[in-house]
Amino acid sequence: MEKLVLKPLLLFVIIILIYCLAIPVDIMEIDSAQYATIAQEMILRNDYLHVFDRGSEYLDKPPFIFWITAAFYHLFGMGTFAFKFPSILFSCLGIFATYKLARIYYSKETAVIAALILATTQGYFHFNNDVRTDTYLTNSVITAVWLICEYLRNNKWLYMLSGFAMIGIAMLSKGPLGLIIPVIAIGGDLLIRREWKSIFKWEWLIGIFVILIVLSPMLIGLYEQFDLHPEKIVNEKTGVSGLRFFFWEQSFGRITGENVWKNDTGPFFFVPNIAWSFMPWSLPLFCAVFQEFFDLIKRQGYLKNKIEWISLLGLIIPFIALSQSHYKLPHYIYVVFPFAAILTASFLIRLQLPEFTNKLRIINLIQSIVLAFVWVLAGLIFIWFFPLENWLLIIVGIFGVIGYVYLVLNERKNQLKYFISVSLITVLSANVLIACQFYPSILKYQAGGAVAKEILKKGIDPKEIFIYRLSARSLDVITHSVIIEKSLPFFMEKISAGETMYIVTDYQGVLDFKAQGYSISIITEKPNHAATLITLEFLIPESRTKALSKYYLLKIKN
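Residues numbered from 1 in each chain as written. Predicted model: local features only at pLDDT ≥ 70, side-chain atom pairs only at ≥ 80, totals over all residues. Heavy atoms only, no water.

## What to know about the packing of aromatic side chains
- Per the counting criterion, the structure on display carries 34 aromatic pairs.
- Ring geometry for Phe-491 against Phe-513: centres 5.6 Å apart, planes inclined by 75 degrees, an arrangement best described as edge-to-face. Of this pair, Phe-491 sits in helix H24 (residues 488-496) while Phe-513 sits in helix H25 (residues 507-515), and the two are 22 residues apart along the sequence. For the pair formed by Phe-491 and Phe-513, the shared burial category is buried.
- An aromatic cluster is defined as three or more aromatic residues linked by ring pairs; in this entry it consists of Tyr-124, Phe-127, Phe-278, Tyr-334 and Phe-337. (Phe/Tyr/Trp six-rings, centres within 6.5 Å; stacked < 30°, edge-to-face > 60°. Helix = DSSP H or I, 4+ residues; strand = E, 2+ residues; numbered from the N terminus. Buried < 20%, exposed > 50% of the residue type's maximum accessible area, 1.4 Å probe, protein only.)

## Section: the environment of Gly-266
- Within the secondary structure, Gly-266 sits in the loop between helix H13 (253-256) and helix H14 (270-277).
- The spatial distance from the C-alpha of Gly-266 to the C-alpha of Ala-97 is 32 Å, given a sequence separation of 169 residues.
- The residues contacting Gly-266, other than those within four sequence positions of it, are Ser-323 and Lys-328. (Contact = heavy atoms within 4.5 Å.)

## Looking at the state of the cysteines
- For the coordinates displayed, the defined rule picks out 0 disulfides.
- Sulfur of Cys-20: no disulfide; nearest cysteine sulfur belongs to Cys-92 and is 7.6 Å away. (Disulfide = S-S within 2.5 Å.)

## What to know about the pairing of strand S7 (residues 549-557)
- As judged from the 6 bridges shared by strand S5 (residues 501-506) and S7, these two strands associate in the antiparallel manner. Within S7, the position partnered with Thr-505 by the bridge is Tyr-552.
- Relative to S7, strand S6 (residues 519-528) runs antiparallel, the two being bridged by 9 bridges. Bridging from a neighbouring strand, Ile-520 pairs with Ile-556 of S7. (Pairing = 2+ DSSP bridges.)

## So, the environment of Tyr-159
- Among the secondary structure elements, Tyr-159 is positioned in helix H8 (residues 157-174).
- Once the C-alpha coordinates of Tyr-159 and Thr-524 are considered, the two residues, 365 residues apart in sequence, prove to be 56 Å apart.
- Dropping the residues within four chain positions of it, Tyr-159 is found in contact with Leu-147, Ile-148, Glu-150, Tyr-151 and Asn-154.

## Comments concerning the sheet that holds S5
- Overall, mixed pairing links the 5 strands, which are arranged S4-S3-S5-S7-S6 in an open sheet. The sheet is open, and its two borders are formed by strand S4 (484-485) and S6, each paired with just one other strand.
- As paired elements, strand S3 (residues 465-467) and S4 share 2 bridges and run parallel to each other. Across the sheet, Ile-467 pairs through a bridge with Glu-485, a residue of S4.
- Sitting on the sheet, helix H22 (residues 447-457) is in contact with S3, S5, S6 and S7, with an inclination near 130 degrees to S6.
- Relative to S5, H25 is tilted by about 130 degrees, and along the sheet it contacts S5, S6 and S7. (Axes fitted to C-alpha atoms, helices over the stretch in contact; angles between N-to-C directions.)

## A word on the nonpolar core
- The biggest cluster of nonpolar side chains holds 159 residues, and the ones touching the most others in it are Leu-101, Leu-315, Ile-333, Phe-339, Phe-438 and Ile-442.
- Of the residues forming this core, the biggest block, 15 residues, is contributed by helix H21 (residues 415-443).
- The residues contacting Phe-339, other than those within four sequence positions of it, are Val-141, Ile-142, Val-145, Ile-181, Ala-185, Ile-310, Ser-311, Gly-314 and Leu-315.
- Listed in part, the 16 residues of the second largest apolar core include Ala-452, Ile-460, Ile-483 and Tyr-551. (Core = buried A, V, L, I, M, F, W, Y, C linked by side-chain atoms within 4.5 Å.)

## Examining the side chain of Ser-198
- You can see Ser-198 is positioned in helix H10 (residues 196-199).
- The class of Ser-198 is buried, set by a relative accessible area of 14%.
- Contacts of Ser-198, omitting those with residues within four sequence positions, involve Leu-152, Leu-190 and Trp-204.

## Concerning a positive patch on the surface
- Taken together, the side chains of Lys-3, Lys-7, Arg-103 and Lys-108 present a region of like positive charge at the surface.
- The partly exposed category is assigned to Arg-103, whose relative accessible area is 38%. (Patch = residues over 30% accessible without salt bridge, like charges linked within 9 Å, V, L, I, M, F, W, Y side chains within 5 Å. Areas by Shrake-Rupley, 256 points an atom, 1.4 Å probe, with all protein chains shown as cover. Salt bridge = Lys/Arg side-chain N within 4 Å of Asp/Glu carboxyl O. Lys, Arg positive; Asp, Glu negative; His and termini not counted. Charge placed at Lys NZ, Arg CZ, Asp CG, Glu CD.)

## Quick look at the pattern of salt bridges
- Scanning the model with the defined rule gives 21 salt bridges in all.
- Residue Asp-130 pairs with Arg-132 through a salt bridge whose shortest N-O separation is 2.7 Å.
- The salt bridge involving Glu-454 is made with Lys-526; its shortest N-O contact spans 3.8 Å. Pair noted here: Glu-454 is in helix H22 and Lys-526 is in strand S6, with a separation of 72 residues, a long-range link.
- The network of salt bridges with shared partners includes Asp-31, Asp-130 and Arg-132.

## Remarks on H21
- Over its 29 residues, H21 extends 40 Å from the first C-alpha to the last, a length consistent with the 42 Å expected when each residue adds 1.5 Å.
- Of all the 29 residues making up H21, 25 are buried; the element is thus mostly covered by neighbouring parts of the structure.
- Looking at where H21 begins, the residue whose side-chain oxygen comes 3.1 Å from the main-chain nitrogen of Leu-416 is Asn-414. (Expected span 1.5 Å × (residues − 1). Polar contact = N/O pair within 3.5 Å; in protein donor to acceptor, adjacent residues only side chain to side chain.)

## Side note on H24
- Inspection of H24 places Leu-488, Phe-490, Phe-491 and Ile-495 among the buried residues, and these make up the whole buried set. Buried residues of H24 fall within an arc of 155 degrees about the axis and therefore sit on the same side. Facing away from the buried side of H24, by more than 90 degrees, are the exposed residues Pro-489, Glu-493 and Ser-496.
- Looking at the buried positions of H24, the neighbouring elements they touch are S3, S5, H25 and S7.
- One or two steps after H24, the chain reaches Gly-498, where phi turns positive at roughly 95 degrees. (Arc of directions from axis to C-beta.)

## Quick look at the packing of helix H7 (residues 133-154) against H8
- Viewed as axis vectors pointing N to C, H7 and H8 meet at an angle of 160 degrees, and their least axial separation amounts to 8 Å. Relative to H8, the element H7 is oriented roughly antiparallel. Crossing angle aside, the handedness with which H7 passes H8 is left-handed.
- Of the residues in the contact of H7 with H8, the class split is 15 nonpolar, 7 polar and 3 charged. (Parallel < 35°, antiparallel > 145°, perpendicular 65-115°, else oblique. Left-handed = near helix turned anticlockwise from the far one by under 90°. Nonpolar A, V, L, I, M, F, W, Y, C, P; charged D, E, K, R; others polar.)

## A closer look at the environment of Lys-486
- Looking at the secondary structure, you find Lys-486 in the loop between S4 and H24.
- Judged by relative accessible area, Lys-486 falls into the partly exposed class, the value being 30%.
- The spacing of Lys-486 and Leu-470 is 16 residues in sequence and 9.7 Å in space, taken between C-alpha atoms.
- In this structure Lys-486 touches Phe-466, Ile-467, Tyr-468 and Phe-491, once residues within four positions along its chain are discounted.

## Some thoughts on a nonpolar patch on the surface
- A surface patch of nonpolar side chains, amounting to about 470 Å² of accessible area, comprises Leu-9, Leu-10, Val-13, Ile-14 and Leu-17.
- Tracing the chain through its elements places Val-13 in helix H1 (residues 8-21).
- For Val-13, a relative accessible area of 41% gives the class partly exposed.

Below, the structure written as structure tokens:
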């Protein structure tokens, strides 16, 4: 049988290199820059158990992303490489684990396609640039599931211990979700198969002990920082327990409504988000899920005879649970992507059966149209919105378009090979352009970073800088310091006492200081637009200035 994927190892090397193209790009605000600065603050304080954010008590995300970033800062110095490179390493681990898990139940070709699908989802390209806690959660969860499945297959303790250690890391990344998803995926599979001996293994108690060992530094830090100090005001409340927050409020509290974070985005929020973030494989994913439920209802004995339930349960149950949360962001759903990749790969291989020939032709037609829209969008971005000037990138774009057109117009002897090839050539070439042109172009308008570069260029001591009315985390990232936000009365007191103040603020802040009658020198002003909140007005060059605000670096004296 003809191979569906030629030279897969070379393909994975290319994918990882594309991940690395985003390393030199500035760290994005808000979340990524905040995580980077918290790690910096750990180093500056020489305190890794207690977490602070610009001098304030921090109780939100578990500390793994701060710890691993701080470790790489120590090794390579503070900068984008040390922040983004561990994310890429974990992604490689997650992709390998997806391959190994799929290989337990399916053919080698299915496993290769599953890993390839995961590695080339738009979500994976995105979260290896805009690094979040979900990067570490997703890859730790799938690695834990693979290792524990290997243990169930061959009973080797090394797999069991390392699997539960990875669950511990997943929990250190984003709370109890790191335990719940493996329990749902593996436990649900064992329950459906009625493998009672595996369900009631006494060795699971050892696994729980391993998890507690991994969690212990964080638990000690939470207890010392919060539980021993109920008088502290944290998230506008007193009597806050760090341990309760971690085990309950941070995850389950978003479903019950106890967590302070709420945006009430609705139960179907993740459906359109998966549609774009799982691109170019979202169409076969939706078809695979539909086919699974159709078979479950219509095919006699399907419940008993299905090869594995891990991928379907690992996708559907967390999807439903996360959809009930009162606070949702697009990247929260990335944790199900490895399971979705395996489910999609097994469905694509199944499409080679004679009874699916017509369905595959229809899927190919729809995919060709969808990818045509992708190329039209790429044309708008790289010809009109942010025109390409680098000839190497222009060549990449031209070869991508030529490859897509050639595949569409050529005779399709193997429909499935065509589907995989046309999807890969589109997503790989598009993401080279995104990493090397789109991200750098929009981050020119991240004013905090631009102001920080001016501060360093002019030799101003970052310790003398304060902010007013802004977050501007990229100030801290680029100056490698902790820049504190202060209120207007603070500045009035200092200036009245004869101190000269350097302040980064917005236009309203400038007006506030002018209203006090101070002598204001504008050292620099930079245009600003949030890199993670792109609008059409911002993208269109003719209207871009209307979408921009400004940040100012002020020197103020009485």
